[in-house]
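# Structural overview
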Amino acid sequence: MKKQKKWTILASLGLAGALMLSACGQNGSDGSASGEGSADSFGKQVNYEIIGIDPGAGIMKATNKAIEEYGLSDWKLIEGSGAAMTATLAKDIKAKKPIVITGWTPHWMFSKYDLKYLDDPKKVYGEAEEIHTIARKGLEQDEPTAYAFLDRFEWSSDEMGEIMTAIQEGKKPEEAAKAWADSHADRVNEWIKDLKPVNGNPLKLSYVAWDSEIASTNLLQYILQEKLGYKVTALQVEAGPMWTGVANGDVDASAAAWLPLTHADYLAKFKDQIDDLGANMTGVKTGLVVPSYVDVKSIEDLKK
């Protein structure tokens with residue numbers, strides 16, 4: 001009798017244990033959220049934080065607007081830098097942890113990691129953007145060779161990605177730009193065809209400290225110096241000083257103007273004081289980005 005009672009108790013404990021293990025396994029062995037109700041768990045797992053970049057960036061302004069438009073009152077945008085953001089992303093992906101970041105394309109992280117944009121049904125981040133080249137008034141008359149080259153310069157996100165990836169893998173920006181120019185001589189020759197080189201004329205470029213703009217500006221600097229004879233100074237600044245410098249004539253040009261959304265305020269302020277040479281890259285995108293293993297699809301889901 002005692003033996004039968006003992007087996008009955010063990011059987012009950014076994015069933016309870018199985019039910020407990022089953023319940024614990026619903027969110028996955030690593031604790032990551034999946035399936036129904038995952039968005040709420042996701043928010044808690046990331047402490048309702050969106051990892052951003054420098055506070056002056058247009059994408060930060062758009063993200064603050066997204067938090068308001070989507071009613072994400074529990075969420076907070078964390079200011080930092082592009083480098084700090086990608087370092088946090090790398091750490092969390094290695095640990096298979098969820099994370100939300102401010103992201104943009106082109107960027108090397110999309111080549112290195114499996115990432116996705118969250119849907120933006122309210123179009124807070126707008127449609128696809130473009131990267132424009134802007135020049136100071138009078139550059140066409142003062143330096144027609146440089147102006148013509150900058151006006152012709154356009155390339156794809158895949159081409160830019162080759163330089164960004166090389167830099168991310170350890171090459172110095174100037175070395176990565178030279179290697180790209182040397183291996184894509186046909187593209188470079190398109191941009192400089194029939195242009196008359198100068199003899200050491202000074203030229204100033206400015207750019208924001210984004211991986212994409214580091215890649216493009218180093219390439220422009222290499223071509224302007226090695227192919228067209230200019231002595232180029234490249235100034236890494238925030239977006240405000242970049243636009244102000246071109247508008248005031250202290251800087252000759254920049255190939256880092258993100259339009260129409262990211263730098264909309266600067267364009268509205270300085271559009272009559274600069275020459276917009278048009279897009280040097282199209283199909284640019286900004287928004288909120290998560291690893292593909294995260295079971296959240298839309299910004300709206302963050303509110304659940």
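Residues numbered from 1 in each chain as written. Predicted model: local features only at pLDDT ≥ 70, side-chain atom pairs only at ≥ 80, totals over all residues. Heavy atoms only, no water.

## Remarks on the packing of aromatic side chains
Considering all chains together, one arrives at 12 aromatic pairs under this definition. Seen in terms of ring centroids, Tyr-48 and Trp-75 are 5.4 Å apart; in terms of plane orientation they differ by 80°. Their pairing is edge-to-face. Linking Tyr-48 in the loop between α2 (38-45) and β1 (49-51) with Trp-75 in the loop between α3 (58-69) and β2 (76-78), this pair joins segments that are 27 residues apart in sequence. For the ring pair Phe-153 and Trp-155, a centre distance of 5.5 Å and an interplane angle of 50° mean the geometry is tilted. Taken as a pair, Phe-153 and Trp-155 share a single burial class, namely buried. Cation over ring: Lys-122 sits above Tyr-70, and NZ or CZ is 5.6 Å from the ring centre. (Phe/Tyr/Trp six-rings, centres within 6.5 Å; stacked < 30°, edge-to-face > 60°. Helix = DSSP H or I, 4+ residues; strand = E, 2+ residues; numbered from the N terminus. Buried < 20%, exposed > 50% of the residue type's maximum accessible area, 1.4 Å probe, protein only. Lys NZ or Arg CZ within 6 Å of the ring centre and 35° of its normal.)

## Looking at the side chain of Thr-217
Note on placement: Thr-217 falls in helix α11 (residues 211-226). Judged by its relative accessible area of 2%, Thr-217 is buried. The residues contacting Thr-217, other than those within four sequence positions of it, are Leu-205, Tyr-207 and Ala-234. (Contact = heavy atoms within 4.5 Å.)

## Some points on helix α12 (residues 239-248)
An α-helical turn contains 3.6 residues, so a residue and the one three or four places further along point in the same direction. Counting buried positions along α12 yields seven of 10 residues, so the element is predominantly enclosed. Of the residues making up α12, those classed as buried are Ala-239, Gly-240, Met-242, Trp-243, Gly-245, Val-246 and Ala-247. Looking at the buried side of α12, the elements it contacts are β5 (129-136), β6 (202-207), β8 (253-259), α13 (264-270) and β9 (274-291). Phi turns positive one or two residues past the end of α12, at Gly-249, with a value near 85°.

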